Amino acid sequence: MPIWFCFAKGTRKMKEKEEQRLKELKKIEKEIYNTGVEKICGIDEAGRGPLAGPVVVAAVIMPRESFIEGVNDSKKVSEKKRETLYEKIINEAIAWGVGIIEQKEIDEINILNATKKGLTMAIKELKVKPDRIIVDALDRIDTLGIPYTPIIKGDAKCYSIAAASIIAKVTRDRIMRQWDEIYPMYGFEKHKGYGTAMHMQAIREYGLCPLHRRSFTKNIKIPKSN
């Protein structure tokens, strides 16, 4: 059997597998569409856990027939692939928006309330009003009167939420790369503000910078000289 034939067969199987995965990812949305809803908005966030930087919430309305290969929970997609998918998603989206809450406000109102505020901001950025919002786990939120459904682990279960997770993650990663140019000693370009061993060591060595969330770093022992 020719090598090219085996390769083509393998590629076809991979494509079929991906198509099936995407169909599964759109099952919940299909059920919602079948109730008469025309425009679904998926919402997800990036940056609830880091020690530094903002939390970013993204809202996106994808066309009902959208079928972008590779769309998945952003945590399951490589950084390089996320960048490619980001461009495809925003180019195909009916509407999309982001809400960004900086670290100072996170310290003032806590990360949960900051995330909820970012969600409302993201919805306000939409140029088209959706009929239904589906969101990853959050409840008791201000969706500006639009009906919503919280879905646990929604970024791994719903196409629109997964698309939103990629927008949020790429947006935040780009912000952290910009901050890395100002504070290169912390390595933000690599860990994006998460509490890695490298980041913790940098905090102990250099102290905190304006980008750090004080409410998240108060238990880190920093030498008095810093």
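Not measured: the values here are computed from a predicted model.

**Q** How should the overall build of the protein chain be read in this particular structure?
**A** For the protein chain, the helix and strand inventory stands at 9 helices and 5 strands. The order of α-helices and β-strands along the protein chain, N terminus first, is α-α-β-β-α-β-α-α-β-β-α-α-α-α. Each principal axis of the C-alpha distribution contributes one length, and for the protein chain these read about 65 × 55 × 25 Å. Counting every position in the protein chain, which comprises 226 residues, the buried fraction comes to 47%. Excluding contacts between residues fewer than 6 apart, the proportion of contacts in the protein chain whose partners are at least 24 apart in sequence is 64%. Split by element, the accessible area of the protein chain, about 12100 Å² in all, is 54% carbon and sulfur. The centroid of the 41 positive side-chain charges in the protein chain is displaced by 4 Å from the centroid of its 31 negative side-chain charges.

**Q** Even after reading the chapter, I still don't get helix α3 (residues 79–92), so can you show me in this structure?
**A** Structurally, the α-helix is built with 3.6 residues per turn, so residues lying three or four positions apart point the same way. Counted at 1.5 Å a residue, the expected span for α3 with its 14 residues is 20 Å, and the 20 Å between its end C-alpha atoms agrees. Every buried residue of α3 is listed here: Arg82, Leu85, Tyr86, Ile89 and Ile90. Taken end-on, α3 shows its buried residues confined to a sector of 125 degrees, consistent with a single buried face. Residues Lys80 and Asn91 are exposed on α3 and point more than 90 degrees away from its buried face.

**Q** Before we go on, may I ask you to explain the sheet that holds strand β1 (residues 40–46) in this structure?
**A** Reading across the sheet, the 5 strands line up as β3-β2-β1-β4-β5 and stay open at both edges, with mixed pairing between neighbours. Among the strands making up the open sheet, the edge pair consists of β3 (95–101) and β5 (148–151). Within the sheet, the average angular offset between the axes of one strand and its neighbour, ignoring direction, is 20 degrees. Direction of pairing for β1 relative to strand β2 (residues 55–61): antiparallel, over a ladder of 6 bridges. Looking at the pairing, alanine 46 lines up with valine 56 of β2. In the packing of helix α5 (residues 111–125) onto the sheet, contacts are made with β1, β2, β3 and β4 (132–136), and the angle to β3 comes to roughly 150 degrees.

**Q** What's the story with the packing of aromatic side chains in this structure? I'm lost.
**A** This model, assessed by the stated rule, comprises 5 aromatic pairs. On the numbers, 5.5 Å between centres and 20 degrees between planes, the contact of tyrosine 186 with phenylalanine 188 is stacked. Residue class for phenylalanine 188 comes out buried when judged on its relative accessible area of 0%. The positively charged end of lysine 26 is found above the aromatic ring belonging to tyrosine 159, 4.8 Å away from the centroid.

**Q** Which parts of the structure should I look at to understand unusual backbone geometry?
**A** Keep in mind that most residues, glycine aside, have a negative phi and that most peptide bonds are trans. Located in the positive-phi region is arginine 140, a residue other than glycine, with phi close to 55 degrees. Unlike most non-glycine residues, lysine 192 shows phi in positive territory, near 60 degrees. Tracing the backbone shows lysine 192 in the loop between α7 (188–191) and α8 (197–206). Residue lysine 192 is classed as buried on the basis of its relative accessible area of 4%.

**Q** Sorry if this is basic, but what is going on with the pattern of salt bridges here?
**A** Pairs may arise between side chains of opposite charge once their charged atoms sit close together. Tallied over the entire structure, the rule returns 13 salt bridges. Here lysine 15 and glutamate 69 are joined by a salt bridge, their closest N and O atoms 2.7 Å apart. One end of the pair, lysine 15, is in helix α1 (residues 3–25); the other, glutamate 69, is in the loop between β2 and α3, with 54 residues separating them in the sequence. Its relative accessible area of 42% is what places lysine 15 among the partly exposed residues.

**Q** It is not clear to me how the side chain of lysine 169 should be interpreted in this structure. Could you clarify?
**A** Here lysine 169 is to be found in helix α6 (residues 159–182). Sequence-distant contacts of lysine 169, defined by excluding residues within four places in its chain, comprise Ala46, Ser74, Arg82 and Tyr194.

**Q** Mind showing me how you'd approach the nonpolar core here?
**A** It is characteristic of soluble globular proteins that their nonpolar side chains tend to be buried jointly. Ranked by size, the top nonpolar core spans 24 residues in total, and within it Val60, Met62, Val71 and Ile89 carry the most contacts. Looking at this core, the elements that each hand over two or more residues are α1, β2, α3 and α6. Element by element, the count of residues in this core is highest for α6, at 9 residues. Leave out the neighbours within four places in its chain, and isoleucine 89 touches Val60, Met62, Ile68, Val71, Ala163, Ile166 and Ile167. Membership of the second largest hydrophobic core comes to 15 residues, among which are Val57, Ala59, Ala122 and Leu138.

Rules behind the numbers
Residues numbered from 1 in each chain as written. Predicted model: local features only at pLDDT ≥ 70, side-chain atom pairs only at ≥ 80, totals over all residues. Heavy atoms only, no water. Helix = DSSP H or I, 4+ residues; strand = E, 2+ residues; numbered from the N terminus. Buried < 20%, exposed > 50% of the residue type's maximum accessible area, 1.4 Å probe, protein only. Contact = heavy atoms within 4.5 Å. Areas by Shrake-Rupley, 256 points an atom, 1.4 Å probe, with all protein chains shown as cover. Lys, Arg positive; Asp, Glu negative; His and termini not counted. Charge placed at Lys NZ, Arg CZ, Asp CG, Glu CD. Expected span 1.5 Å × (residues − 1). Arc of directions from axis to C-beta. Pairing = 2+ DSSP bridges. Axes fitted to C-alpha atoms, helices over the stretch in contact; angles between N-to-C directions. Phe/Tyr/Trp six-rings, centres within 6.5 Å; stacked < 30°, edge-to-face > 60°. Lys NZ or Arg CZ within 6 Å of the ring centre and 35° of its normal. Salt bridge = Lys/Arg side-chain N within 4 Å of Asp/Glu carboxyl O. Core = buried A, V, L, I, M, F, W, Y, C linked by side-chain atoms within 4.5 Å.

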